[in-house]
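Each chain, letter by letter, is given below.
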Amino acid sequence: MFAGLQDLGVANGEDLKETLTNCTEPLKAIEQFQTENGVLLPSLQSALPFLDLHGTPRLEFHQSVFDELRDKLLERVSAIAAEGKVEERYKKLEDLLEKSFSLVKMPSLQPVVMCVMKHLPKVPEKKLKLVMADKELYRACAVEVKRQIWQDNQALFGDEVSPLLKQYILEKENILFSNEVSVLHNFFSPSPKTRRQGEVVQKLTQMIGKNVKLYDMVLQFLRTLFLRTRNVHYCTLRAELLMSLHDLDISDICMVDPCHKFTWCLDACIREKFVDNKRARELQGFLDGVKKGQEQVLGDLSMILCDPFAINTLSLSTIRHLQELVGQETLPRESPDLLLLLRMLSLGQGAWDMIDSQVFKEPKMEAELITRFLPMLMSFVVDDYTFNVDQKLPTEEKASVTYPNTLPESFIKFLQEHRMACEMGLYYVLHITKQRNKNAFLRLLPGLVETFGDLAFSDIFLHLLTGNLTLLADEFAVEEFCTSLFDGFFLTCLSRKENVHRHVLRLLIHLHHKVAPTKLESLQKTLEPTSQVMMEMFQNLLALWGSSPDTIVMTSRAAHCEIPRGGSGPSDSQYHGVQRQVSWSWVLAGGLLKPIAPDAPVYSFLTFPPQALSSLHETAWEPPAQGGFGISCFLNSWNDWPLGRKAEQRARAPWGGWLRA
């Protein structure tokens, strides 16, 4: 550990051992060793006895002096790296490194050596190899030193980056399969700037710094993984990484990446979730500006456009343009803005084929998409307008108009054979679902069973669809709607696609209390899982459903609950003895009353005999004068409810036990 001291002419433990072995008077030898190797300050010799009188060990004194000197030296190294001419300061640092590197394995002096290396733009290769060969030194050195090691060792850099890339993909998948099902908070809700503050993007940005070579390596990793897995989240990371470097104003990289300005402009569109005319012209200028001989840039541009956030923005803008064209009575082929959006969508969706084939050429736009499919989509919009206007007319003026319930064969064929048409069709389905347009949704749903590449069963589409379906929650009580949605769509591929199974469970966990009881019972049998992840979700759903046919779901109205320290309440001590305002869902199954809190386990609060249900009726119950607990709730009852009414009733029930108002 102290071998390096000899190289600097400083005595170490071995020298002291040799001295004591060969001396005749050990005490004098120790005193002489202390004098020769102590702090050579004459005025200090008279002060040291005072420390002895206070019982302060010499080791403690020398350690404090050492720590102070080391801190001063670290400050001085940082100052040298920032002052004077570049050549002079780096020469001083190189000389200091040469003298001190032999002490790099001494824990107490290692920070000084590492600090010197950190401030050198180019550490001698010999010393870098020594650091790389020693795992402890490699872990201890600053990221600035590691960059110099990584740029000449792609395999080592890949080992460092690989766990981060896996973590990034896992985070994206966790968002898509999260238990939160909402139209307001979905996969595309976070802003671009918020997303690139994530841990993985920030770590990669720090690892790259201003090193163009490392940046190129990361891009190559992303291209390779995208080709190998077809996972579009790697395209998202490619764009986020560039914009993270842009936020830090690292011009060394931004200036040499030909996609920088295009990505910057597209990032602004993603932030607004719309491509306006001005930015559309800018994006078109970048695409048209690709010069002959530089066609490889199209590969990176297509990868950036393949980012799901870019596809989402372009698709939403396309649907909006189509609606505007209907109002203007204009055909799609007559709208330059729409054609530009389709051009970018086509380039993004063809990213994998372009990078795989290494043929860097924009895919040719299919004429039928513009002249046949999009007008057909516009005709669906017209059908909606016509039906809605007819419904608003006075009864005597109404025509006998029924909403169309069939799809043209050509439309279904487009969804099956053309990726662009399929993407547009799916986003139109999301649009009408968000508009709570049940008729249009049920009309288009059969066409989604077989689509190009099973895009209708992709995680991103199902994540958005399940969120939008919460707006049609009341329709789940209708048997016909549930049959069309579950039997006619979701369950058609349940056996071959586990992700669909998970999304159905997500939806039911959120809307189980709205689904028709008979449909719930059949779904319970159909959705029995096979994997461990699915089993956990399924068990959560069973807990919410309850375990008997007379399950009743009730939602409490912000009741005050005081939970004493005894009883059979939750084991989590933070709830004990605390009075708080709560809003729970209560499930009564087999005579057991259970409160269900969001993201909380199910606890058995008290038993409630099924026969006691017969005492509940429409009139409000008055809570007992003492010792009772009153709670306002909604009772969603069905046919085997003792009152025999399938209706929503309001009741006030006196429930005893250890719940106290």
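Residues numbered from 1 in each chain as written. Predicted model: local features only at pLDDT ≥ 70, side-chain atom pairs only at ≥ 80, totals over all residues. Heavy atoms only, no water.

**Observations concerning the overall build of the chain**
Turning to step 1, where the next piece is worked out: Helix and strand counts for the chain come out as 31 helices and eight strands.
Turning to step 2, where the next piece is worked out: Counting the 661 residues in the chain, one finds 45% classified as buried.
Turning to step 3, where the next piece is worked out: Counted over contacts in the chain with a minimum sequence separation of 6, partners at least 24 positions apart contribute 68%.
Turning to step 4, where the next piece is worked out: About 34,700 Å² of surface is accessible on the chain, with carbon and sulfur atoms providing 52% of the total. (Helix = DSSP H or I, 4+ residues; strand = E, 2+ residues; numbered from the N terminus. Buried < 20%, exposed > 50% of the residue type's maximum accessible area, 1.4 Å probe, protein only. Contact = heavy atoms within 4.5 Å. Areas by Shrake-Rupley, 256 points an atom, 1.4 Å probe, with all protein chains shown as cover.)

**Observations regarding the layout of surface pockets**
Turning to step 1, where the next piece is worked out: As a volume, the second largest pocket reaches approximately 1,300 Å³.
Turning to step 2, where the next piece is worked out: In terms of lining, the second largest pocket is formed by 47 residues, of which the most central are Val-232, Gln-349, Arg-419, Glu-423 and Leu-455.
Turning to step 3, where the next piece is worked out: Going through the elements one at a time, helix H11 (154-176), helix H20 (308-328), helix H21 (336-349), helix H22 (351-357), helix H25 (419-434) and helix H27 (459-469) are the ones with two or more residues in the lining of the second largest pocket.
Turning to step 4, where the next piece is worked out: Here the lining of the second largest pocket gets seven residues from one element, more than from any other, and that element is H25. (1 Å grid on protein atoms, 1.4 Å probe; cavity = no way out; pocket = protein on both sides within 12 Å on 5 of 7 lines; lining within 4 Å. Points joined across faces, edges and corners; volume = space filled by probe spheres on them.)

**Details of a nonpolar patch on the surface**
Turning to step 1, where the next piece is worked out: On the surface, Leu-20, Leu-27 and Ile-30 cluster together into a nonpolar patch covering about 280 Å² of accessible area.
Turning to step 2, where the next piece is worked out: You can see Ile-30 is positioned in helix H3 (residues 26-37).
Turning to step 3, where the next piece is worked out: Residue class for Ile-30 comes out partly exposed when judged on its relative accessible area of 34%. (Patch = residues over 30% accessible without salt bridge, like charges linked within 9 Å, V, L, I, M, F, W, Y side chains within 5 Å. Salt bridge = Lys/Arg side-chain N within 4 Å of Asp/Glu carboxyl O.)

**Comments concerning the nonpolar core**
Turning to step 1, where the next piece is worked out: Core analysis: the largest hydrophobic core is formed by 102 residues, its most contacted members being Phe-486 and Phe-490.
Turning to step 2, where the next piece is worked out: Excluding residues within four positions of it along the chain, Phe-490 makes contact with Leu-462, Leu-465, Leu-469, Leu-485, Val-500, Val-504 and Leu-507.
Turning to step 3, where the next piece is worked out: Residues Met-114, Val-116, Leu-164 and Cys-235 belong to the second largest nonpolar core, which totals 57 residues. (Core = buried A, V, L, I, M, F, W, Y, C linked by side-chain atoms within 4.5 Å.)

**Quick look at helix H7 (residues 110-118)**
Turning to step 1, where the next piece is worked out: Of all nine residues in H7, seven are buried; the element is thus mostly enclosed.
Turning to step 2, where the next piece is worked out: Taken as a whole, H7 has its buried residues at Gln-110, Val-112, Val-113, Met-114, Cys-115, Val-116 and Met-117.
Turning to step 3, where the next piece is worked out: Of the surrounding secondary structure, the elements contacted by the buried residues of H7 are helix H5 (58-82), helix H6 (86-100), helix H8 (125-133), helix H9 (135-140) and helix H10 (143-150).

**Brief notes about unusual backbone geometry**
Turning to step 1, where the next piece is worked out: Despite not being glycine, Lys-273 shows a phi value in the positive range, around 55 degrees.
Turning to step 2, where the next piece is worked out: Following the sequence through the fold, Lys-273 ends up in the loop between helix H17 (260-272) and helix H18 (277-288).
Turning to step 3, where the next piece is worked out: The partly exposed category is assigned to Lys-273, whose relative accessible area is 35%.
Turning to step 4, where the next piece is worked out: With a phi close to 55 degrees, Glu-329 is a non-glycine residue in the positive phi region.

**Here's the deal with the packing of aromatic side chains**
Turning to step 1, where the next piece is worked out: Scanning all chains against the criterion turns up 16 aromatic pairs.
Turning to step 2, where the next piece is worked out: On the basis of an interplanar angle of 20 degrees and a centroid distance of 5.0 Å, the ring pair of Phe-457 and Phe-489 is categorised as stacked. One end of the pair, Phe-457, is in the loop between helix H26 (438-444) and H27; the other, Phe-489, is in the loop between helix H28 (479-487) and helix H29 (498-511), with 32 residues separating them in the sequence. Assigned by exposure class, Phe-457 and Phe-489 land together as buried.
Turning to step 3, where the next piece is worked out: Pairing Phe-486 with Phe-490 gives two aromatic rings, centres 6.0 Å apart and planes at 40 degrees, and the pair type is tilted.
Turning to step 4, where the next piece is worked out: According to the relative accessible area criterion, Phe-486 is buried, its value standing at 0%.
Turning to step 5, where the next piece is worked out: Relative accessible area serves as the criterion here: at 0%, Phe-490 is assigned to the buried category.
Turning to step 6, where the next piece is worked out: These aromatic residues form a ring-pair network of at least three members: Phe-441, Phe-457, Phe-476, Phe-481, Phe-486, Phe-489 and Phe-490. (Phe/Tyr/Trp six-rings, centres within 6.5 Å; stacked < 30°, edge-to-face > 60°.)

**Some words on the pattern of salt bridges**
Turning to step 1, where the next piece is worked out: The final tally for this structure, using the stated rule, is 29 salt bridges.
Turning to step 2, where the next piece is worked out: As a salt-bridge pair, Asp-152 and Lys-213 come within 3.5 Å of each other at their nearest N and O atoms. Linking Asp-152 in the loop between H10 and H11 with Lys-213 in helix H14 (residues 212-229), this pair joins segments that are 61 residues apart in sequence.
Turning to step 3, where the next piece is worked out: Of the residues examined, Asp-152 reaches a relative accessible area of 62% and is grouped as exposed.

**A look at H10**
Turning to step 1, where the next piece is worked out: H10 sits mainly inside the fold: seven of its eight residues count as buried.
Turning to step 2, where the next piece is worked out: Among the residues of H10, Val-143, Val-145, Lys-146, Arg-147, Gln-148, Ile-149 and Trp-150 are the ones counted as buried.
Turning to step 3, where the next piece is worked out: Lining the buried residues of H10 we find H7, H8, H9, H11, helix H13 (199-208) and H14.

**So, the packing of H20 against H25**
Turning to step 1, where the next piece is worked out: Axis separation between H20 and H25 bottoms out at 10 Å; the angle between their running directions is 75 degrees. One finds that H20 runs roughly perpendicular with respect to H25. For the pair H20 and H25, contact is made by Ile-311, Asn-312, Ser-315, Leu-316, Thr-318, Ile-319 and Gln-323 and by Glu-423, Met-424, Tyr-427, Tyr-428 and His-431, respectively.
Turning to step 2, where the next piece is worked out: For the contact of H20 with H25, the residue count by class is six nonpolar, five polar and one charged. (Axes fitted to C-alpha atoms, helices over the stretch in contact; angles between N-to-C directions. Parallel < 35°, antiparallel > 145°, perpendicular 65-115°, else oblique. Nonpolar A, V, L, I, M, F, W, Y, C, P; charged D, E, K, R; others polar.)

**Description of the side chain of Lys-127**
Turning to step 1, where the next piece is worked out: Position of Lys-127 relative to the elements: it lies in helix H8.
Turning to step 2, where the next piece is worked out: On the basis of relative accessibility, which here comes to 10%, the residue Lys-127 falls in the buried class.
Turning to step 3, where the next piece is worked out: A polar side-chain atom of Lys-127 sits 3.1 Å from a polar atom in the side chain of Glu-98.
Turning to step 4, where the next piece is worked out: Not counting residues within four places of it along the chain, the set of residues in contact with Lys-127 comprises Leu-97, Glu-98 and Phe-101. (Polar contact = N/O pair within 3.5 Å; in protein donor to acceptor, adjacent residues only side chain to side chain.)

**Details of the environment of His-418**
Turning to step 1, where the next piece is worked out: Within the fold, His-418 resides in the loop between helix H24 (409-417) and H25.
Turning to step 2, where the next piece is worked out: Take His-418: its relative accessible area is 16%, and that puts it in the buried class.
Turning to step 3, where the next piece is worked out: In the structure, His-418 is positioned 35 residues away from Gly-453 in sequence and 9.5 Å away in space, judged by C-alpha atoms.
Turning to step 4, where the next piece is worked out: Apart from residues no more than four positions distant in its own chain, His-418 is found in contact with Glu-366 and Phe-452.

**Comments concerning the confidence of the model for the chain**
Turning to step 1, where the next piece is worked out: Averaged over the chain, the pLDDT score is 80; the fraction of residues at 70 or greater is 79%.
Turning to step 2, where the next piece is worked out: Contacts for the low-pLDDT stretch residues 547-661, under 50 throughout, to residues beyond four places or in other chains number 207 contacts. (pLDDT = per-residue confidence, 0-100.)

**Description of the environment of Pro-408**
Turning to step 1, where the next piece is worked out: Tracing the backbone shows Pro-408 in the loop between helix H23 (367-392) and H24.
Turning to step 2, where the next piece is worked out: Along the sequence, Pro-408 and Met-376 sit 32 residues apart, while their C-alpha atoms lie 8.8 Å from each other.
Turning to step 3, where the next piece is worked out: Sequence-distant contacts of Pro-408, defined by excluding residues within four places in its chain, comprise Met-376 and Phe-380.

**Remarks on the packing of H23 against H24**
Turning to step 1, where the next piece is worked out: Look at H23 against H24: their axes get within 11 Å of each other, and the N-to-C directions meet at 120 degrees. Viewed along their axes, H23 and H24 adopt a mutual orientation that is oblique. The handedness of the crossing between H23 and H24 is left-handed. Only Ser-410, Phe-411, Phe-414 and Leu-415 of H24 make contact with H23, whose side of the interface consists of Glu-368, Arg-372, Phe-373, Met-376, Leu-377 and Phe-380.
Turning to step 2, where the next piece is worked out: Among the residues forming the contact of H23 with H24, the class breakdown is seven nonpolar, one polar and two charged. (Left-handed = near helix turned anticlockwise from the far one by under 90°.)

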